[in-house]
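Close look at the chain arrangement
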Amino acid sequence: MIDSRHFGCMPDGRDVTAYELEHDSGMRCEILDLGGIVTKLFAPDRRGSYADVVLGCDDVESCLQAPYFGALIGRFGNRIGGGRFSLDGVSYQLETNDGDNHLHGGVTGFDKVLWKAEASEGEEGPTLKLRYRSPDGDAHYPGNLDVEVVYTLIANGLRIAYEAVTDAPTIVNLTNHSYFNLDGHDAGSVLDHELRIDADRFTPVSAALIPTGELALVEGTPFDFRVQAPIGERVDRTDDEQIVRGGGIDHNFVLNAAGTFARSAKVYAPVSGRTLEVWTDQLGVQIYTGNFLDGSVVGKGGTAYPKRAAICLETQHFPDAPNQPAFPSVVLRPGETYCTTTEYRFG
Ligand code: GLA
């Protein structure tokens with residue numbers, strides 16, 4: 001079932017619409033045409049009672065100020081050092097919006113623009129197709145980039161399928177920045193949530209959170225989640241330089257199953273019994289433990305989200321890939337189609 005309602009207005013007066021998707025299974029979510037923001041996502045606990053498990057906001061102004069809650073990220077998820085890269089011998093200087101770095105597509109990334117939305121009933125559940133043309137020069141990226149993101153509410157979760165084409169060589173790295181708290185968006189912290197990631201390596205970062213280029217083994221570090229472990233055991237480890245730099249975990253993990261659609265991460269919340277599995281064909285996942293949240297963002301129902309209120313699992317290519325010769329390429333050329341799928345499955 002699909003419903004829509006007026007959510008609010010953009011600063012320039014354009015309407016923002018909220019689409020409510022409901023699956024026969026009972027799963028429900030709400031997605032905006034603004035930024036493709038997933039504002040609500042209801043999943044059942046061990047007794048079958050539903051709670052809204054994503055952080056979000058009730059109005060446009062808060063959505064535009066929030067740190068990417070539930071939003072689509074582009075053109076490039078995570079950081080590009082100095083906002084600089086070169087492609088085919090041409091140097092580009094992107095907008096910088098994170099100190100000297102370019103973060104999540106710049107000042108007006110895909111999270112802050114209105115997408116063209118089309119809702120329909122699909123075979124597996126209700127879908128919302130979102131389209132956006134990022135013009136040549138947007139945030140100083142080359143090429144017109146046509147992006148299509150299809151959200152499908154499946155029986156046990158949310159599928160996100162991304163596609164993009166360009167008319168000039170460019171770089172692309174799309175993701176979704178949902179913040180999950182499996183006990184409910186207003187439940188407080190995720191320190192007791194247990195995390196498992198099928199990654200033998202991660203990408204350590206400099207003090208500016210730019211990858212050093214190394215693909216380091218997780219073995220013997222707080223980044224070893226090959227066996228499920230509580231997040232709280234790891235994020236305050238002042239004896240680990242990487243944890244200190246991130247203010248917790250704010251790192252990209254190199255997925256063992258890279259390139260094959262597989263279950264790559266799992267979160268378990270002992271209180272509610274809810275689980276979240278991340279299925280993806282991506283090469284990496286940025287795990288971010290809400291380190292910068294400080295209660296200043298007022299979310300749904302007036303909830304002030306504190307530090308560690310949620311965990312993000314952003315499936316992606318590696319941060320700063322355009323400047324790291326050892327990282328897989330993020331270049332998209334005319335005639336090619338960028339294509340990737342991620343599913344967040346609940347249990
Ligand atoms: C990403 C980044 C973090 C932070 C959050 C949003 O996860 O890696 O450093 O910018 O987004 O606050």
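Topic: the nonpolar core
Formed by 59 residues in total, the largest nonpolar core has its most connected members in Leu41, Tyr151, Ile197, Phe253, Leu313 and Phe346. When neighbours within four sequence positions are excluded, Phe346 is seen to be in contact with Met27, Leu41, Ala43, Val53, Asn156, Gly157, Phe180, Leu182, Thr275 and Leu276. Phe7, Met10, Cys57 and Val297 belong to the second-largest nonpolar core, a separate cluster that totals 23 residues.

Here we look at the site of the ligand
What surrounds the ligand is a group of 13 residues, the closest being Asn78, Arg79, His177, Asp250 and Glu314. Glu314 places a polar side-chain atom, nitrogen or oxygen, 2.8 Å from an oxygen atom of the ligand. Taking 300 Å² as the accessible area of the ligand by itself, protein coverage stands at 95%. Looking at the shell around the ligand residue by residue, the classes come out as six nonpolar, four polar and three charged.

Looking at the sheet that holds strand β23 (residues 262–268)
Across the sheet, nine strands lie side by side as β11-β12-β13-β14-β28-β24-β23-β18-β21; this open sheet has antiparallel pairing. Edge positions in the sheet fall to β11 (116–121) and β21 (229–230), since each has one partner strand and no second. Of the strand pairs in this sheet, β23 and strand β24 (residues 275–280) are connected by six bridges, and their pairing is antiparallel. Paired with Arg263 across the strands is Trp279, a residue of β24.

Observations concerning the pairing of strand β26 (residues 311–316)
With six of six residues buried, β26 lies mostly within the body of the structure. Burial of β26 is two-sided: the residues Ile311, Leu313 and Thr315 facing one way and the residues Cys312, Glu314 and Gln316 facing the other way are all buried.

Observations concerning the sheet that holds strand β25 (residues 284–288)
Spatially, β17-β26-β25-β22-β19-β20 is the arrangement adopted by the six strands of the open sheet, whose pairing is antiparallel. The open sheet has two edge strands with one neighbour each: β17 (179–180) and β20 (216–217).

Thoughts on the environment of Ala258
Within the secondary structure, Ala258 sits in the loop between β22 (250–254) and β23. For the pair formed by Ala258 and Gly48, sequence separation is 210 residues and the distance between their alpha carbons is 33 Å. Look past the residues within four positions of Ala258 in its chain and what remains in contact with it is Asp281, Gln282 and Leu283.

Description of the packing of aromatic side chains
As enumerated under the stated definition, the model contains 16 aromatic pairs in all. Seen from their ring centres, Phe69 and Tyr179 are 4.8 Å apart, and the 75 degrees between their planes marks the pair as edge-to-face. Remark: Tyr179 occurs in strand β17 and Phe69 occurs in the loop between α1 (60–65) and β6 (72–73); sequence separation between them is 110 residues. The exposure class of Phe69 is buried, given its relative accessible area of 4%. Centroid distance Trp115 to Tyr132: 5.6 Å. Interplanar angle 40 degrees. Geometry classified as tilted.

Focus: the state of the cysteines
Per the stated rule, a full pass over the model turns up zero disulfides. We note that Cys9 lacks a disulfide partner, and the nearest cysteine sulfur, in Cys63, lies 13 Å from it. There is no disulfide at Cys29, and the cysteine sulfur nearest it, in Cys63, is 14 Å away. The exposure class assigned to Cys29 is buried, which follows from its relative accessible area of 4%.

Rules behind the numbers
Residues numbered from 1 in each chain as written. Predicted model: local features only at pLDDT ≥ 70, side-chain atom pairs only at ≥ 80, totals over all residues. Heavy atoms only, no water. Core = buried A, V, L, I, M, F, W, Y, C linked by side-chain atoms within 4.5 Å. Buried < 20%, exposed > 50% of the residue type's maximum accessible area, 1.4 Å probe, protein only. Contact = heavy atoms within 4.5 Å. Near = heavy atom within 4 Å. Polar contact = N/O pair within 3.5 Å; in protein donor to acceptor, adjacent residues only side chain to side chain. Areas by Shrake-Rupley, 256 points an atom, 1.4 Å probe, with all protein chains shown as cover. Nonpolar A, V, L, I, M, F, W, Y, C, P; charged D, E, K, R; others polar. Pairing = 2+ DSSP bridges. Helix = DSSP H or I, 4+ residues; strand = E, 2+ residues; numbered from the N terminus. Phe/Tyr/Trp six-rings, centres within 6.5 Å; stacked < 30°, edge-to-face > 60°. Disulfide = S-S within 2.5 Å.

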